[in-house]
Structures are given as structure tokens and as C-alpha cells.
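Structure assessment
What follows is each chain in one-letter form.
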Amino acid sequence: MGENILEIVEKSCRVYRDVIAVKYLSHREIVEKSYGDMWDDIRKTAVILRNNGLCGTHIALVGSSSYEWICAYMAILFTGNTAVPLDANLSAPELHELLNRSGSIALFCGASRKDVITELTDDCPEMNIVFTMEKKVDIEHLEGADSNPQLAILSFEQLRSEITIPDDFADQDKDKMCTLMYTSGTTGKSKGVMLSQFNLAQNVENVFVNLEPGVTILSVLPIHHAFCLTMEWMKGISLGATICINDSLLHMLKNMKRFQPVGMLMVPLMVETIYKKLKDVNPLLPKKLVAKEAFGGKLEYIFCGGAYLDPVYVTEFKKYGIDILQGYGMTECSPVICSNNHRYNRPGSVGKLLDNCAVRFVDEEIQVKGTSVMSGYYDMPNETAEAFQDGWLCT
């Protein structure tokens, strides 16, 4: 059993070296990257970080789901840095605030968020390096790029193409914070959840998913969320799955037909939206035929979390030959606490408790203890103290 994410990822990349790890669209063409390709690109990215003196610090990521994003994230972890995944849909001022609060001195930024880069000089004085992701950005003509001579704006794509394969990674400190993940802040100031490689690896190892290597998963959720990052990417990689990146929610049904996934992760709103479309189809047609035409013909499982799901959807989707496996969790638990699975699936239930978690009820509140539970909130000692009661996380 892997005690850190490096062990899990490295093992999969070696065992499944020739299996396709990631598929994504580029100029309407499908690009494929094998596990061997991904391992090489993670290691190349690590060289970029080392060459720029980035070790033992905080590095943020702002961008939509992409192959470059996941390679950057893994390289950040494996070089002893802390990754700070941020919501690419936040405004530039909101992102700048989180960059400052997180202590980030470097940033991987999607090309679509050039506005975040142009105002970094004034808003984020500690920021030293920006790596642009996904496609080349006209750096020379980027407004604000010359106003701070200490801010280096580099093309990730260009740098990676110039790197040769390095040696393997050093031993990992499994208990050191590796990911700083900010909560939505809907009930107040967002909090930075501190998670270690051990926390994440324990969640990956203890969630039971019975999928064969090479099975296709379509990724539609935001990659900066714990549910997507841990249960779709890290768990998928541990199984040798092929993860296909959905380029837009507007294209989700089209991409389901294109990539023909066996499994997907969704939030309840997505399940409800899809069901409305299914109900609009001629009721005389066989339901499994309808599902085959709508979803590419291979969809068997939808892993659902993030909010309450009416159990009627579990029952209805079963008629179409699709199992909805609902779970419960929170970012502070890496994130899964309990889940239904292929062997046990009960409508109206969030499933069985993971083997590495314990739960108790205090004054009708769920409290959790286990190896996936965070160490606390970053730079917020009072909030951290309030979050725990006798070593149990208050939910």
C-alpha cells in the first residue's frame, strides 16, 4: 500500500507504461498521452522547478483541467513543494488575495487568465515566477510584464521541450503539507486546508473502485476541487485508467459520445440535468438503447458527491443500465469519508465508512477521525482549534 502519492503514481506509470493515461482535444483532434509519456513529463517539469530554484515553497495553479495542469501538480509535490490549486473562475483580485494568503511565490497559469498575470506586480509583490500553461502566450507584449524586473514570465511548453529526462525523485516526507486547498468560503472567509501526501494516498487507497486498467473515465468537474483531483485523477491513475478531459460543460454530452466513458464523477446538479434530457426522449424507446445513444454506449457508473442527491435518481438511472454510486466527504478529509461502491450500493445512502475513517455523533454533529483528515487550516490557528474536538474533526 502506497504511503505517499509519488509511490502510487510512479508504480502506475511503470506498470501501465504503454496504457493511454490521458486523452484531450487540441484543435478538434484527440491527443493521447501514455503513462510513460506522463511520467517523463512530470519529471521534466520537476527539472524546470529545480532549475528555477523552486524547492520547499508554495506554488499555485490557476487553470482549467489539462494535461499540463496535472503534470505540474505532480511535479510540485514530488520536488518537496506545496501545490496551491485555485479556482480559475475567481476574479483576478480574488485570486491575488489567495496567492498572497497562501504564500505562493510561483504560479502555473492557464493562457485564458492573462488578466491574473498583468496585475501581479502591484497585488502580489512576493510572486517571482509565472509559468504559462496550455498554449503559448505572447509574453513580450503582455501588459505589465516589464513593470517588475523580478517577475519572470516563462512558457511552460517551451521550457519542457528543452528538458532531458532527469534521475528519479528523492524520498518524500509523507507527513509534510503537499497541497493547500481553499474551501469555497460560502459561510465566511475561505480557509486553506492543509493536506499531506499521506492524507491523499490514504484516501486513494481506501476508496474501493473496481475498474480495469485502460478503462475510460471522462473528467468533467473542476480539477482544483478535492473530489476531482483525488478521486478522479489520483484514484484513476492508481488504477491505470484512461482519463479523458472534457473541454467544456457545454460539450459534455458530445464528449461522452466521443470518448465513450465507462465511469464519470458528477455533482447532483449534473445528474439532474442529464435526467431531464433523458425524459425528453420518446418513452417508447428501450431505456438502455436511449442511454447508449446519449452517453456513448459504455457508461456503467456515475460517482456522485458534493451535495444531496434524491435517491429517485439512483433508481431511475438503474433502469438505463447505469449505477449511481453516492458518497459523502469534505475537503478537510481528502475528501471521501464514506461511499457506495460496486459491491454495495443502496439508494438514499452515502455508503459505508472507509476503513481508515472513524465517525462519532456529538449533539447531532458528525465528527471524523482518520488518516485522511487534514492537519489544520493554513495560518489560521484559531479556526483550526475550533475545527477539532478531542482530536475529532467537527463537520
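All of the points below concern the structure found in this document. (Residues numbered from 1 in each chain as written. Predicted model: local features only at pLDDT ≥ 70, side-chain atom pairs only at ≥ 80, totals over all residues. Heavy atoms only, no water.)

**Quick look at the overall build of the chain**
- From N to C terminus, the chain includes 14 helices and 21 strands.
- Taking all 395 residues of the chain together, the buried fraction comes to 55%.
- Excluding contacts between residues fewer than 6 apart, the proportion of contacts in the chain whose partners are at least 24 apart in sequence is 65%.
- For the chain, the computed accessible surface area is about 17,900 Å², with 48% contributed by carbon and sulfur atoms. (Helix = DSSP H or I, 4+ residues; strand = E, 2+ residues; numbered from the N terminus. Buried < 20%, exposed > 50% of the residue type's maximum accessible area, 1.4 Å probe, protein only. Contact = heavy atoms within 4.5 Å. Areas by Shrake-Rupley, 256 points an atom, 1.4 Å probe, with all protein chains shown as cover.)

**Some remarks on the pattern of salt bridges**
- Summed over all chains, the structure comprises 10 salt bridges.
- The partner of K174 in a salt bridge is D175, with the nearest N and O atoms 3.3 Å apart.
- With relative accessibility at 25%, the residue K174 sits in the partly exposed group.
- Here the salt bridges share partners, and the residues they tie into one network are R17, D40 and R43. (Salt bridge = Lys/Arg side-chain N within 4 Å of Asp/Glu carboxyl O.)

**Describing the side chain of S104**
- Checked against the element boundaries, S104 lands in strand β5 (residues 104–110).
- A distance of 2.7 Å separates polar atoms of two side chains, one belonging to S104 and the other to S102.
- If near-sequence neighbours (up to four positions away) are discounted, S104 is found in contact with H58, I59, A60, V84, L99 and M127. (Polar contact = N/O pair within 3.5 Å; in protein donor to acceptor, adjacent residues only side chain to side chain.)

**Examining helix α9 (residues 226–239)**
- Compared with an ideal rise of 1.5 Å per residue, which puts 14 residues at 20 Å, α9 spans 18 Å between its outermost C-alpha atoms and is within 8% of the ideal.
- Downstream of α9 by one or two residues, G240 has phi in the positive range, about 75°. (Expected span 1.5 Å × (residues − 1).)

**What to know about the environment of A72**
- Residue position: A72 is located in helix α3 (residues 67–78).
- In this structure, the C-alpha to C-alpha distance between A72 and F108, residues 36 residues apart in sequence, is 7.6 Å.
- Not counting residues up to four positions away in its chain, the partners in contact with A72 are T45, L61 and F108.

**What about the pairing of strand β6 (residues 129–133)?**
- Most of β6 sits inside the fold, with five of its five residues counted as buried.
- By the alternation rule, side chains of β6 split into I129, F131 and M133 and V130 and T132, which are all buried.
- Pairing of β5 with β6, which is carried by five bridges, proceeds in the parallel orientation. For L107, the partnering residue across the bridge sits in β6 and is V130.
- Where β6 meets strand β7 (residues 152–155), four bridges bridge the pair, whose relative direction is parallel. (Pairing = 2+ DSSP bridges.)

**Re the packing of aromatic side chains**
- Within the structure shown, the criterion is met by 10 aromatic pairs.
- A centroid spacing of 6.1 Å and a plane angle of 15° characterise the contact between Y24 and Y67, whose relative ring orientation is stacked. In this pair, Y24 is assigned in strand β1 (residues 20–26) and Y67 in helix α3, connecting sequence segments 43 residues apart. Both residues of the pair, Y24 and Y67, belong to the buried class.
- Judged by centre distance (6.3 Å) and plane angle (35°), the ring pair of Y301 and F303 falls under tilted. Like Y301, the residue F303 is buried in the burial classification.
- Feature note: the residues W39, F78 and F169 constitute an aromatic cluster, connected by ring pairs.
- Between the NZ or CZ atom of R160 and the centre of the ring of F156, over which it lies, the distance is 5.2 Å.
- Over the aromatic face of F208 sits the side chain of R343, whose NZ or CZ is 3.7 Å from the ring centroid. (Phe/Tyr/Trp six-rings, centres within 6.5 Å; stacked < 30°, edge-to-face > 60°. Lys NZ or Arg CZ within 6 Å of the ring centre and 35° of its normal.)

**Comments concerning the sheet that holds strand β18 (residues 365–370)**
- Spatial strand order, β17-β18-β21-β20: four strands in an open sheet with antiparallel pairing. Only two strands of the sheet have a single partner each, and these edge strands are β17 (357–362) and β20 (388–389).
- Pairing geometry for β17 and β18, over six bridges, is antiparallel. Pairing of F361 across the sheet is with I366, part of β18.

**Structural notes on the environment of V207**
- Note that V207 resides in the loop between α8 (197–206) and β10 (216–219).
- What makes V207 buried here is its relative accessible area of 7%.
- Expressed as a C-alpha distance, the spacing of V207 and S339, which sit 132 residues apart in the sequence, is 7.6 Å.
- Beyond its immediate stretch of four places on either side in the chain, V207 contacts M231, K235, V336 and L354.

**Section: unusual backbone geometry**
- In this structure, the amide linkage connecting S334 to the following residue, P335, adopts the cis form with an omega of 5°.
- With respect to the helices, strands and loops of the structure, P335 is situated in the loop between β14 (323–329) and β15 (336–339).
- Here the phi dihedral of S334 falls at roughly 75°; this positive angle occurs in a residue that is not glycine.
- In this structure, S334 sits in the loop between β14 and β15.
- One non-glycine residue, D363, lies in positive phi territory at about 50°.
- Assignment of secondary structure puts D363 in the loop between β17 and β18.

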